[in-house]
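Observations on the three-dimensional arrangement
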Amino acid sequence: MNGFAIQPQWQRFEDTAHYKLMCTALLIWWAAFVFRSFEVSSVSRDASSAAATEQGSLVNQALVLAFAAMGMFHMPRAWQVLKSREGRNLVLLLLAYSSWAAASMMWSEDVSIGSRRLVAFILLLIGCCGIGAGFYSRVSNGPLALARHVIYGAVLAAVILLPPRLSMLTLADIVDPSFNIKDTTEIVVMIHPIGYGFLAALVVFRGRVLLRSIVLAFYFLVLLFLKGRSMLGEIVACSIILISRLTTALPVRRLLLTTGLLMAAIFADLGTGGRIFISYVRSAYDSFASVSSYVTVGDGLNNLTSLSGRLRLWNALYEYIGQQPWIGYGFGSFWTPEHLDQIFQLATWRAVIAHSGYLDELLATGIIGLLLFSAAWTYGIVISLRAARNHDETTGYLIFSWLLLYVLFNVLDSVNQSFLKSPFFISLTGLFALLPAFAEELAPEMALDSEVYVLERARA
């Protein structure tokens, strides 16, 4: 009934065939999501970028449809969860942004591209809502179960993608400061889930010091190998902030929180042009000149002072933003083949995204769209903090750190307007998985699951 059967009260949902089949489906979906990166022979491909933009990807479309189907299957249950005030408000804010995105099709420069991406975005929202509020809400401490799955998924991504690259390396490659695999691997497919897995491991393995140390060390070594410098810093900043919330000693909490916020402020400076960062690098370059080749991946001081070429790109994009600042060029519609060529002439390197989710949002939906999306995400952060204060400190602060990591990832990379990336669907699924804590009226199925969860907590 309603897509699922009521299990006997003595049977945990985790022991049902429904749960096991759904976990299997999620595993297959994630493996397909990771394997698709093997199609990318070069993430900076010039000749195929315009064609890929124009035609889309059948693999991506299949992934989006499958994700939405899993969410839709659990939507009857999710509908009950969304009856809470927090659930209604979150959905209304997301609907407001989606409505504005749909309205932007009226002035879109390429309706076919924009409408296809808009449909994909809405389907991803359905998937996140159904899986988070419909599936994980039935699991004992659903956000924590999702966190465990994220940990496994991050390890799986590294196990799938790293061996083929490692098998072709020599010792000379590894010690070469300029060595990186960015030209042959879409490294964010590993970095993004590892970042979320890193935060999850801090919580899930909180009482298992050895296991947590092993997992975190593995993640950290992979991040160092991938040389995602800014993303590594963003992950560390969010980790410090999360640890500060879970630490009991007040002086330590304050010190960690201050350190984490200062690191986050550095990335805020980078996202606005890096004036403070660049000034510091120029004045202190001599002090780290001996390791500068590793810090700059062999590109020298110019790599840091140009933010790896982002400043030229952003200066080119500011001209387009200034022409239509409030409404943008239409959801998912800016990076047309014509604009790709124009930006190449101005930035002198091939870019297919703005390398800033906030600039990409301004280009697509303008200031209005950025404000609407930011309002929804900010409200999600408020929900997570409220859950940490009133319901479960551990999972509340974990989801808060995931949402914060999404904000930081968008500073020097684009997840906004490129929504089929793990930061978006992990963060939003986790947020929806928190909503059952606020549900005021439980459906019979939800009440039954809650009773089992309460009994388990009482026995523990």
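Residues numbered from 1 in each chain as written. Predicted model: local features only at pLDDT ≥ 70, side-chain atom pairs only at ≥ 80, totals over all residues. Heavy atoms only, no water.

With that out of the way, let us pick up the packing of aromatic side chains. Taken as a whole and assessed by the stated rule, the structure comprises 31 aromatic pairs. Ring centres of Phe13 and Phe135 lie 5.9 Å apart, and the angle between their planes is 65°; on these two criteria the pair is classed as edge-to-face. Residue Phe13 is located in the segment before helix H1 (17-35), and its partner Phe135 is located in helix H6 (residues 111-135); the two are separated by 122 residues in the primary sequence. The pair Phe13 / Phe135 is uniform in exposure class, with both members buried. Chaining the aromatic ring pairs together yields one cluster made of Tyr97, Phe121, Phe331, Phe373, Trp377, Tyr406, Phe419 and Phe424. Positioned above the aromatic ring of Phe33, the side-chain terminus of Arg36 is 4.3 Å from the ring centre. (Phe/Tyr/Trp six-rings, centres within 6.5 Å; stacked < 30°, edge-to-face > 60°. Helix = DSSP H or I, 4+ residues; strand = E, 2+ residues; numbered from the N terminus. Buried < 20%, exposed > 50% of the residue type's maximum accessible area, 1.4 Å probe, protein only. Lys NZ or Arg CZ within 6 Å of the ring centre and 35° of its normal.)

Below, the discussion takes up a nonpolar patch on the surface. A cluster of nonpolar side chains, Phe220, Leu221 and Leu224, forms an exposed patch at the surface whose accessible area comes to about 280 Å². Within the secondary structure, Leu224 sits in helix H10 (residues 209-226). (Patch = residues over 30% accessible without salt bridge, like charges linked within 9 Å, V, L, I, M, F, W, Y side chains within 5 Å. Areas by Shrake-Rupley, 256 points an atom, 1.4 Å probe, with all protein chains shown as cover. Salt bridge = Lys/Arg side-chain N within 4 Å of Asp/Glu carboxyl O.)

Turning our attention to the confidence of the model for the chain. Summing up the model confidence of the chain, the mean pLDDT is 86 and the portion of residues at 70 or higher is 85%. In the model, residues 1-8 has pLDDT below 50 throughout and makes 17 contacts with residues more than four positions away in sequence or in other chains. Every residue in residues 450-460 scores below 50 in pLDDT, and together they form 9 contacts with partners more than four places removed in sequence or on other chains. (pLDDT = per-residue confidence, 0-100. Contact = heavy atoms within 4.5 Å.)

Before going further, it helps to spend a moment on the pattern of salt bridges. With the rule as written, the count across this model stands at 4 salt bridges. Between Glu86 and Arg85 there is a salt bridge, with the nearest N and O atoms lying 3.3 Å from each other. For Arg85, a relative accessible area of 44% translates into the label partly exposed. For Asp341, the salt bridge goes to Arg350, with nearest N and O atoms at 3.2 Å.

Taking 1.5 Å of rise per residue, 19 residues should cover 27 Å, and H1 covers 27 Å from first to last C-alpha, within 8% of that figure. All buried positions along H1 are accounted for by His18, Tyr19, Met22, Cys23, Leu26, Trp29, Trp30, Ala31, Phe33 and Val34. The inward-facing, buried residues of H1 abut helix H3 (58-73), H6, helix H7 (142-166), helix H9 (188-204) and helix H20 (422-434). (Expected span 1.5 Å × (residues − 1).)

Turning next to the environment of Phe424. Tracing the chain through its elements places Phe424 in helix H20. You can call Phe424 buried: its relative accessible area is 1%. The spacing of Phe424 and Cys128 is 296 residues in sequence and 9.1 Å in space, taken between C-alpha atoms.

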